[in-house]
Amino acid sequence: MLEEVQLKGIRKTFGEVESILTGLGFVRWSWDYNKATFDMKFHDEKTGQDYYLRIMARAVEGQLENPKALVELENAAFARHIFPHGLDYSVEIPEAFREAVATVLKKVHQKLTA
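Residues numbered from 1 in each chain as written. Predicted model: local features only at pLDDT ≥ 70, side-chain atom pairs only at ≥ 80, totals over all residues. Heavy atoms only, no water.

Asks: Is there a simple way to explain the side chain of R54 in this structure?
Replies: Looking at the secondary structure, you find R54 in strand β4 (residues 50-61). Here D39 takes part through its side chain, which lies 2.7 Å from a polar atom of the side chain of R54. Discounting chain neighbours no more than four positions away, the residues touching R54 are T37, F38, D39, N75, A76, A77, L87 and Y89. (Helix = DSSP H or I, 4+ residues; strand = E, 2+ residues; numbered from the N terminus. Polar contact = N/O pair within 3.5 Å; in protein donor to acceptor, adjacent residues only side chain to side chain. Contact = heavy atoms within 4.5 Å.)

Asks: Looking at this structure, I do not really get helix α1 (residues 14-23). What am I missing?
Replies: Three- or four-residue spacings in an α-helix give side chains the same orientation, since the helix completes a turn every 3.6 residues. Residues of α1 that are buried: F14, V17, I20 and L21. Buried residues in α1, looked at end-on, bunch into an arc of 140°, giving them a common side. Away from its buried face by more than 90 degrees, α1 exposes S19 and G23. Those residues of α1 that are buried are in contact with β1 (11-13), β2 (27-31), β3 (35-43), β4, β5 (70-73) and α2 (95-113). (Buried < 20%, exposed > 50% of the residue type's maximum accessible area, 1.4 Å probe, protein only. Arc of directions from axis to C-beta.)

Asks: Please explain the pattern of salt bridges as it appears in this structure.
Replies: Close approach of charged atoms allows side chains of opposite charge to pair. Applying the stated criterion to the full structure yields ten salt bridges. Of the charged contacts, one joins E74 and K8 as a salt bridge, the two residues approaching to 3.3 Å between their closest N and O atoms. With E74 in the loop between β5 and β6 (77-81) and K8 in the segment before β1, this pair connects stretches of sequence that are 66 residues apart. Exposure remark for E74: the relative accessible area of 24% places this residue in the partly exposed category. Classification of K8 as exposed rests on a relative accessible area of 53%. Of the charged contacts, one joins E72 and R11 as a salt bridge, the two residues approaching to 2.6 Å between their closest N and O atoms. You can see E72 sitting in strand β5 and its partner R11 sitting in strand β1, a full 61 residues away along the chain. (Salt bridge = Lys/Arg side-chain N within 4 Å of Asp/Glu carboxyl O.)

Asks: Is there a simple way to think about the nonpolar core in this case?
Replies: If you look at soluble globular proteins, the nonpolar side chains tend to sit buried side by side. In this structure, F26, L53, F78 and V101 are the most contacted members of the largest nonpolar core, which totals 32 residues. When contributions to this core are tallied by element, the ones reaching two or more residues are α1, β3, β4, β5 and α2. Broken down by element, this core gets its largest block of residues, six residues, from α2. (Core = buried A, V, L, I, M, F, W, Y, C linked by side-chain atoms within 4.5 Å.)

Asks: Would you mind going over the packing of aromatic side chains with me for this structure?
Replies: Going through the model one piece at a time under the given rule, you end up with four aromatic pairs. For the pair F42 and F78, a centre-to-centre distance of 6.2 Å together with 50° between the ring planes defines the contact as tilted. With F42 in strand β3 and F78 in strand β6, this pair connects stretches of sequence that are 36 residues apart. You'll find F42 and F78 in the same group, each marked buried. Aromatic side chains Y51 and F78 sit 5.6 Å apart centroid to centroid with 20° between the ring planes, which places their arrangement in the stacked category. Residue Y51 is located in strand β4, and its partner F78 is located in strand β6; the two are separated by 27 residues in the primary sequence. One exposure class covers both Y51 and F78, and it is buried. (Phe/Tyr/Trp six-rings, centres within 6.5 Å; stacked < 30°, edge-to-face > 60°.)

Asks: Honestly, the pairing of β6 in this entry has me stumped. Any pointers?
Replies: Both faces of the sheet carry side chains from a regular strand, because those side chains alternate between them. Bridging between β4 and β6 involves four bridges; their strand directions are antiparallel. Looking at β6, one finds that L53 is bridged to F78. As paired strands, β6 and strand β7 (residues 87-88) are joined by two bridges and run antiparallel to one another. When the sheet's bridge partners are listed, H81 is paired in β7 with L87. Once β6 ends, the chain turns through five residues before running back antiparallel as β7, passing G86 with a positive phi of about 135°. (Pairing = 2+ DSSP bridges.)

Okay, structure coming up:
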């Protein structure tokens, strides 16, 4: 599913990317001068497990925090949170979240390629 929506190589200004992704419900969790991580959290009420849909952006011109910096995206990744900290990227997307993940990725792709 994640491979079906190709985000890798899309280039936009950091301001555009941040506006689009936060507008869709992503949160910028970490960043430095050259890269930013945008996550959307999914919580499984039955198991208490947290999962994240993650999109990475890397600066190719300028530095982050400057809305005019040019960033290039990586393909989305899905991970399970491991207590106390860490992520397991080898998990499959749980059935309960598949439709939501597919829908949000399509919206991300549409808005970033418009």
